[in-house]
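Fold and contact review
Below, each chain spelled out in residue letters.
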Amino acid sequence: MPERVEEQERLWRDEFSISKADERYVNRRQLAKFLTLGSLGMFAGNSWILIRSWLREARVYQRRVVAKAGEIPVGAVKLFQYPTPGEQCILIRTAEDAYVAYSQKCTHLSCAVFYSRAHDRLECPCHQGYFSVKDGSVLQGPPTRPLPRVILERSGEELIAIKMEPEV
Amino acid sequence: MAPRSSPRKFLQQRRGLTAIDAITALIVVLLVVQIWLLSATLDAYLAGHAETALPGAIVSGVLCAACIGMYGFVRRVDRDSRPNR
Amino acid sequence: MYGYEFYVDPSRCIGCQACVKACEECETHRGHSMINFDFVDRAETIATAAYVCWHCEDPTCAQVCPADAIKIGEDGVVMSALKPRCIACENCVLACPFGIPKIIPEYELMMKCDMCYDRTSVGKRPMCATVCPSQALAYLRPEEIAARREKPSNVFQFGNQTITTQVYMMTPPGTESVTLDITEFMWEKTNA
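Starting from 1, residues in each chain are numbered consecutively following that chain's sequence as written. Just so you know, chain letters begin at A and ligand numbers begin at 1, following the order they were written in. Two thresholds apply to this predicted model, a pLDDT of at least 70 for residue-level local features and 80 or more for giving and counting side-chain atom pairs, whereas whole-chain, interface and lining totals are computed over all residues.

**Some words on the overall build of chain C**
Counting from the N terminus, the helices are the DSSP runs of H or I reaching at least four residues and the strands are the DSSP runs of E reaching at least two. Each helix and strand in chain C was counted, giving seven helices and nine strands. Here the globule rule is a power law, 2.2 Å times the number of residues to the power 0.38, and the radius of gyration is based on C-alpha atoms. The C-alpha radius of gyration computed for chain C amounts to 16 Å, which stays within 12% of the reference 16 Å derived for 192 residues, consistent with globular compactness. Seen through its C-alpha atoms, chain C measures out along the principal axes to roughly 45 × 45 × 30 Å. For chain C, the residues scored as buried account for 34% of the 192 residues in total. Considering only intrachain contacts with a sequence separation of at least 6, the fraction spanning at least 24 residues in chain C is 52%. Think of it as a crowd count around each C-beta: if 20 or more other C-beta atoms lie within 10 Å the residue is buried, if 12 or fewer it is exposed, and in between it is partly exposed, with C-beta placed from the backbone throughout. Any residue pair is listed as a contact if its two C-beta atoms, each placed from the backbone, are within 7 Å.

Listed below in structure tokens is the structure:
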């Protein structure tokens, strides 16, 4: 028998061994290999975050008019899209002259948050995560990160979104 | 009458088995730590705190290197316990 | 294991078939006896021989199984076929030089003696060795079998294949290995 065929024969007889102990060993070894690859994957994930943090240039935000002052009554909300179409944000008129706006994507699992007038807070219906209207910080629930805030500028009667904080 | 060589062979296989069981358990522990580390680093990065990215990546790299080292150790034990394979 | 070995002496077999019946009682193989019971030459003689699986060190049945259903355990006992894997292809039946494996068509499974592993793994004797009145099938320590005139041999020669088994055959003293030429037992040779 040629040597290469003999080598292959020996290999499959090892990998699919008739001995119980060998078979158990091979299964364990495959599991250890799989876990090690998983570990490599985790490291790749962390490296990706690192590279992203190095390569990211300061994002340039467009200025967009999102609403007119007085368009919505006190305690009401308006939904708009900022900075790109498809990224929902929520504008809340908290007082006569006070407007705040946040990204509507909950920082837990991206459900849409809504404004609860009764409790004066932003609530996520999926897992009961509540955010403060004042600064978007987490009041309770599974979210760990505060809600990204849209910085508004009042220019006459227009409310202009100028950037997001933190930068996303 | 041929002498029975089987008991010694089986004992060697069992040594490889103990080693690989221990190594697998250790790798699992390190992997769990790495999973947590990735989720924590990602969370911090998305919240705007990018300064956690570098230490997170370094520690993850150390843990990954430890896992690979242990797996290599298992391979060596296997080769030693079954020299004809 | 536990210092006991299995010894087969066909010359002591009296044909009572107690081993067959005892093996049948075990629930793990649903009332099928795993003893290979032979009438040696029924027309000419009343001689009988009872065999168990020889538990070879490099089992031919396991080597040829396409489904990897036959496993050898850590103490050298060759297990019966695993039901989830066995496809009843009968490769092992054809391959075994001793003719031990049996196919049960209703179960689509090969079954064979596994040295009563549930008993021998905890130090008990296999059922057949326990009930054999003439101890043709015996499960003893080597020093106990040394008292017999026949000597145990566990090397078999089948053509080019040398097989070393865990079960010993009692042979005349001085036998190096049990050499069998199958062609000598073929019908063409014996009835030419």
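**Section: the sheet that holds strand β6 (residues 137–140) of chain C**
Residues and elements named next belong to chain C. Here, strands pair whenever DSSP counts at least two bridges between them. In spatial order, the strands read β6-β1-β8-β7-β9; together these five strands make up an open sheet with mixed pairing. With partners counted over all chains shown, the strands left at the sheet margins are β6 and β9 (178–180), one partner each. Strand-to-strand twist in this sheet, taken as the mean axis angle between neighbours without regard to direction, amounts to 40°. Two strands pair when backbone bridges link them, and strand β1 (residues 5–8) and strand β8 (residues 161–171) are joined in this way by two bridges, in the parallel orientation. When the bridges of β8 are listed, Tyr7 appears paired with Tyr168. To get an axis, fit a line to the C-alpha atoms, keeping to the stretch in contact for a helix; angles then go from 0 to 180 degrees between the N-to-C directions.

**Structural notes on the nonpolar core**
Residues and elements named next belong to chain C. When buried Ala, Val, Leu, Ile, Met, Phe, Trp, Tyr and Cys residues are joined through C-beta atoms within 7 Å, the set is termed a nonpolar core. Membership of the largest hydrophobic core comes to 49 residues, with the highest contact counts inside it found for Val8, Val52, Ile70, Cys128 and Leu137. If you list the elements that add at least two residues to this core, you get β1, α1 (18–24), β3 (48–51), α2 (60–64), β5 (109–111), α5 (127–131), β6 and β8. For this core, the leading source of residues is β8, giving five residues. Those residues in contact with Val52, other than ones at most four positions away along the chain, are Phe6, Val8, Ile35, Cys113, Cys128, Leu137 and Val167.

**Regarding the interface of chain B and chain A**
Taken together, the 38 residues of chain B in the interface contact 27 residues of chain A. When residues of the side of chain B that touches chain A are traced back to their parent elements, those giving at least two are α1 (6–46) and α2 (53–81) of chain B. In terms of residue count, α1(B) provides more of the side of chain B that touches chain A than any other element does, 22 residues in total.

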